[in-house]
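# A structural walkthrough
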Amino acid sequence: MNCASRWMMAWLISVASSLAGAADTQAAMHLALATRPQKTQPADPSAEAGPVASPAEQLLRALLVDRMSVDQERQLGARIVGNLLGVAPLLDDAALQRYVNLVGRWVAAQGERPELEWRFGVIDSEDVNAFAAPGGYVLITKGLYRRLKNEAELAGVLGHEIGHVARRHHVKLLQRSHMLATLGGAVVKEVPDEHERMQNIVGRGAEIAARALDKAAEYEADRIGMILAARAGYDAYGLPMVLREIGHLSEKDDRVALLFKTHPHPDTRLDHLAEAVDTRLDALDEGALLEQRFVRLK
Ligand SMILES: [Zn+2]
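This section reports on the structure supplied with the text. Here the structure is a predicted model, which is why all the values come from computation and not from measurement. (Residues numbered from 1 in each chain as written. Predicted model: local features only at pLDDT ≥ 70, side-chain atom pairs only at ≥ 80, totals over all residues.)

The next point concerns helix α3 (residues 70-87). Between its first and last C-alpha, α3 extends 26 Å over 18 residues, near the 26 Å set by a 1.5 Å rise per residue. The buried fraction of α3 is high, at 14 of 18 residues. (Helix = DSSP H or I, 4+ residues; strand = E, 2+ residues; numbered from the N terminus. Expected span 1.5 Å × (residues − 1). Buried ≥ 20, exposed ≤ 12 C-beta atoms within 10 Å, placed from the backbone.)

Take a look at the structure:
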């Protein structure tokens, strides 16, 4: 199995097991960041009549009514990340991981959801890619990290992923898939057995999550990435520089296969960014590249 399909499998498995509530979240702890004590969930009035719902059922219900708490979002994200780390663990380089967290948190602090416990990590994969999971998790592969030339480029890449989390792109995708299934009545009415019903929902969620986010979500994340990097004091063109670099790679290159499959081509993304930005950044002071401070891979 090549790298791209391994990732695809990991993503599928992670979404499936997240929804099933069966994944081991321990791996997520390898992000080595302090977890706050669990907050108690606010009481859900609709849950009072029936028997106590399992966490997976609560999650599905929250998805369905679009009332996912920050805690539920974080739990879902932790399970997804736990599975991804099972395929490609974090690089064993504490200084690098600390650095990426410092940059990522500074960029995230400029955004719409500073309240999330943002966690960033560099993972041991030669693929050129970055991932985000609900609740504030962002991973970048060493294959992509190696191509970065300065801190502004790192800020732009992390900013794109922060944009996905802040605008809840993955949550919304799952929500739509579940909503469709429910509206179709296939899941709820036709399958009386609770376990089978859950498996059905899980399968549907995984199926849809394996597809790319819609293009509009990707362009939005690009715009957010650029804006957040600029607000954080970096050269706003870090992300476009990375896109230009990646755009030169062949589509046949295994290392970018998944990225090209799940995102519009970098050249198209650049066109959209140029259109959105227009002359709007002209008034900005020149941001920092911070090439000297950039921590390189060992
Ligand atoms: Zn993206």
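Now that the structure is up, let's keep going.
Moving on: the packing of helix α9 (residues 215-231) against helix α12 (residues 266-277). Close contact between α9 and α12 brings their axes to 10 Å; oriented N to C, the two are set at 60°. Considered as vectors, α9 and α12 are oriented oblique to each other. When the axes of α9 and α12 are compared, the crossing they make is right-handed. Taking contact as the criterion, the partners of Glu218, Tyr219, Asp222, Arg223 and Met226 in α9 are, on α12, Arg269, His272, Leu273, Ala276 and Val277. Of the residues in the contact of α9 with α12, the class split is five nonpolar, one polar and four charged. (Axes fitted to C-alpha atoms, helices over the stretch in contact; angles between N-to-C directions. Parallel < 35°, antiparallel > 145°, perpendicular 65-115°, else oblique. Left-handed = near helix turned anticlockwise from the far one by under 90°. Contact = placed C-beta atoms within 7 Å. Nonpolar A, V, L, I, M, F, W, Y, C, P; charged D, E, K, R; others polar.)

Helices that pack against each other are described as a pair by the angle of their axes relative to one another and the distance between those axes. As a packed pair, helix α4 (residues 94-108) and helix α6 (residues 151-166) sit with axes 9 Å apart at the nearest point and diverge in direction by 60°. By the angle class used here, α4 and α6 are oblique. Classified by chirality, the crossing of α6 by α4 is right-handed. Where α4 abuts α6, its residues Val103, Gly104, Val107 and Ala108 lie against Glu151, Leu154, Ala155, Leu158, Gly159 and Ile162. Looking at side-chain class alone, the contact of α4 with α6 contains seven nonpolar, two polar and one charged residues.

A word on the nonpolar core. Counting residues in each nonpolar core, the largest one holds 56 residues, and the members touching the most others are Val107, Leu139, Ala155, Leu158, Ile162 and Ala229. Counting residues per element, this core draws most heavily on α6, which supplies eight residues. Setting aside residues no more than four positions away along its own chain, Leu139 makes contact with Val81, Leu84, Gly121, Ile123, Ala130 and Phe131. Ranked by size, the runner-up nonpolar core spans five residues in total, among them Ala62, Leu63, Met68 and Val171. (Core = buried A, V, L, I, M, F, W, Y, C linked by C-beta atoms within 7 Å.)

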